[in-house]
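# Residue-level structure breakdown
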Amino acid sequence: MLLYRVYDLLRTKELLNRFSVADFLTHLKYIFKVKINDVWHLSEVTQKTNDLLETLNLPIT
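Residues numbered from 1 in each chain as written. Predicted model: local features only at pLDDT ≥ 70, side-chain atom pairs only at ≥ 80, totals over all residues. Heavy atoms only, no water.

Each helix and strand in the protein chain was counted, giving three helices and two strands. For the protein chain, the C-alpha radius of gyration of 13 Å lies well beyond 10 Å, the compact-globule estimate for 61 residues. Along the three orthogonal principal directions, the C-alpha set of the protein chain runs to about 40 × 25 × 15 Å. Here the protein chain holds 61 residues, and 21% of them are scored as buried. Of the contacts formed within the protein chain by residues at least 6 apart in sequence, a portion of 35% connects residues at least 24 apart. On the protein chain, roughly 5,100 Å² of surface is accessible, and the fraction owed to carbon and sulfur atoms is 55%. Positive and negative side-chain charges of the protein chain, numbering 8 and 7 respectively, have mean locations separated by a distance of 5 Å. (Helix = DSSP H or I, 4+ residues; strand = E, 2+ residues; numbered from the N terminus. Rg over C-alpha atoms; globule rule 2.2 N^0.38 Å. Buried < 20%, exposed > 50% of the residue type's maximum accessible area, 1.4 Å probe, protein only. Contact = heavy atoms within 4.5 Å. Areas by Shrake-Rupley, 256 points an atom, 1.4 Å probe, with all protein chains shown as cover. Lys, Arg positive; Asp, Glu negative; His and termini not counted. Charge placed at Lys NZ, Arg CZ, Asp CG, Glu CD.)

Pasting the structure below:
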């Protein structure tokens, strides 16, 4: 069901010609939370991934 929600989100934003659901999930699998001095931080996110998330209005926090 999650795959179809992502598919629908990509379809409504007209991004299916640029990204497949697998491409979208590949971008997300490289986002990590890192614990430094007992504080959790978000790892660096590539510009392309960040642009995709902003276009889809999906916060990663």
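That covers the picture; the talk isn't over yet.
With that settled, consider helix α3 (residues 47-55). Since there are 3.6 residues in each turn of an α-helix, residues three or four apart along the chain are aligned in direction. Within the sequence span of α3, burial applies to Thr49, Leu52 and Leu53. Summarising the axial view, the buried residues of α3 lie within an arc of 95 degrees, below the 170-degree limit, and thus occupy one face. Among the exposed residues of α3, those oriented more than 90 degrees off its buried face are Gln47, Lys48 and Glu54. Turning to α3, the residues buried within the fold contact α2 (21-28). Backbone geometry just downstream of α3 places Asn57 in the positive-phi region, at approximately 60 degrees. (Arc of directions from axis to C-beta.)

Here we take up the pattern of salt bridges. Throughout the structure, instances matching the rule amount to one salt bridge. The partner of Asp8 in a salt bridge is Arg11, and the shortest N-O contact between them spans 2.3 Å. Of the two residues, Asp8 and Arg11 are both situated in helix α1 (residues 2-12); the distance of three residues between them amounts to about one turn of the helix. Residue Asp8 is classed as partly exposed on the basis of its relative accessible area, which comes to 32%. (Salt bridge = Lys/Arg side-chain N within 4 Å of Asp/Glu carboxyl O.)

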